[in-house]
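Single-letter residue listing:
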Amino acid sequence: MAKKQFFIIVDTETTVNDTVYDFGAIVVDREGKIFASCAVIVAESADMELFYDPTSKNHLWSKAYAAEKKAGYNAMLDKGSRMMASTNAVNIWLAKANAKYSPTLTAYNVAFDRSKCAKTGIDLSIFSQSFCLWHLACEIFAKTKDYKNFVLENHYFGNKTELGNMGYKTNAEIMAHFVTGQFSEEPHTALEDAQFYELPILQAILKKKNWREKLGKAYNWREYQLKNHFTAK
């Protein structure tokens, strides 16, 4: 009998100091059953401001939204849906999960989460296998006719950049809508994003027989420009 395969989906929300504030992880099997989970506010980052971009016109990245989000996390701590834990405690949990399940690490933009975890002292290098869920989802779904029609039907287009480029969206919120058929606004809290957005995407990918053949290809934003996918006839 083949050895049961597990995956660990990691998500992070960060501070203005590029460290992890909210760390979330779930260990799942191919069917999406959750075997272990972790949802903590990192103690060493607890007094820091959440990330915001003073140059952004998007409310999601504003200082005001960061303050609202921090208040929401405080409420989660009061209710018990988040615990405070040190980086050492997170690493102990990860080590135990690795020893018990030997999962393959993934995240929606795994390079981002690896970087922020490394700056925080959270060790994701213990996982011997990993892949980027975002890159793989793009390779499998985002170039298909069905996805492009879905983008048109829902007007999922990015803004025009300073370079004059304009692309179509492939973020976790939009990709989850595509694979589940249901839209909900991503809360941008680590455990909830991993469980309700990234997990359905992983499940949809694992149903594709050739998904392994798509591993290792780096994401290139130029491949998702409107001018290369939507042309007049």
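Analysis parameters
- Residues numbered from 1 in each chain as written.
- Predicted model: local features only at pLDDT ≥ 70, side-chain atom pairs only at ≥ 80, totals over all residues.
- Heavy atoms only, no water.
- Helix = DSSP H or I, 4+ residues; strand = E, 2+ residues; numbered from the N terminus.
- Rg over C-alpha atoms; globule rule 2.2 N^0.38 Å.
- Buried < 20%, exposed > 50% of the residue type's maximum accessible area, 1.4 Å probe, protein only.
- Contact = heavy atoms within 4.5 Å.
- Areas by Shrake-Rupley, 256 points an atom, 1.4 Å probe, with all protein chains shown as cover.
- Lys, Arg positive; Asp, Glu negative; His and termini not counted.
- Charge placed at Lys NZ, Arg CZ, Asp CG, Glu CD.
- Disulfide = S-S within 2.5 Å.

Draft legend 1. Representation of the overall build of the protein in the model. Secondary structure summary: the protein contains eight helices and six strands in total. The order of helices and strands in the protein, counted from the N terminus, is β-β-β-α-β-α-β-α-β-α-α-α-α-α. At 18 Å, the protein has a C-alpha radius of gyration in line with the 17 Å of a compact globule built from 233 residues. The principal-axis extents of the C-alpha atoms in the protein amount to approximately 60 × 55 × 30 Å. Per-residue burial for the protein yields a buried fraction of 47% across its 233 residues. When contacts within the protein are restricted to residue pairs at least 6 apart in sequence, long-range pairs at least 24 apart make up 68% of them. Total accessible area on the protein is roughly 12600 Å²; 51% of this is exposed by carbon and sulfur atoms. If you average the places of the 29 positive and of the 26 negative side-chain charges in the protein, the two averages end up 8 Å apart.

Draft legend 2. Spatial organisation of unusual backbone geometry. Even without being a glycine, Ser102 presents a positive backbone phi close to 45 degrees. Assignment of secondary structure puts Ser102 in the loop between α2 (87-101) and β5 (104-107). Residue class for Ser102 comes out partly exposed when judged on its relative accessible area of 43%. Although it is not a glycine, His188 adopts a positive phi angle of roughly 60 degrees. Note that His188 resides in the loop between α6 (172-180) and α7 (190-206).

Draft legend 3. Representation of the state of the cysteines. According to the stated counting rule, one finds zero disulfides in the structure shown. No disulfide involves Cys117; its sulfur sits 10 Å from the nearest other cysteine sulfur, which is in Cys38. By relative accessible area, which is 0% here, Cys117 ends up buried. Free cysteine Cys132: the closest other cysteine sulfur is in Cys138, separated by 8.2 Å.

By themselves, these observations are geometric and do not establish any function.
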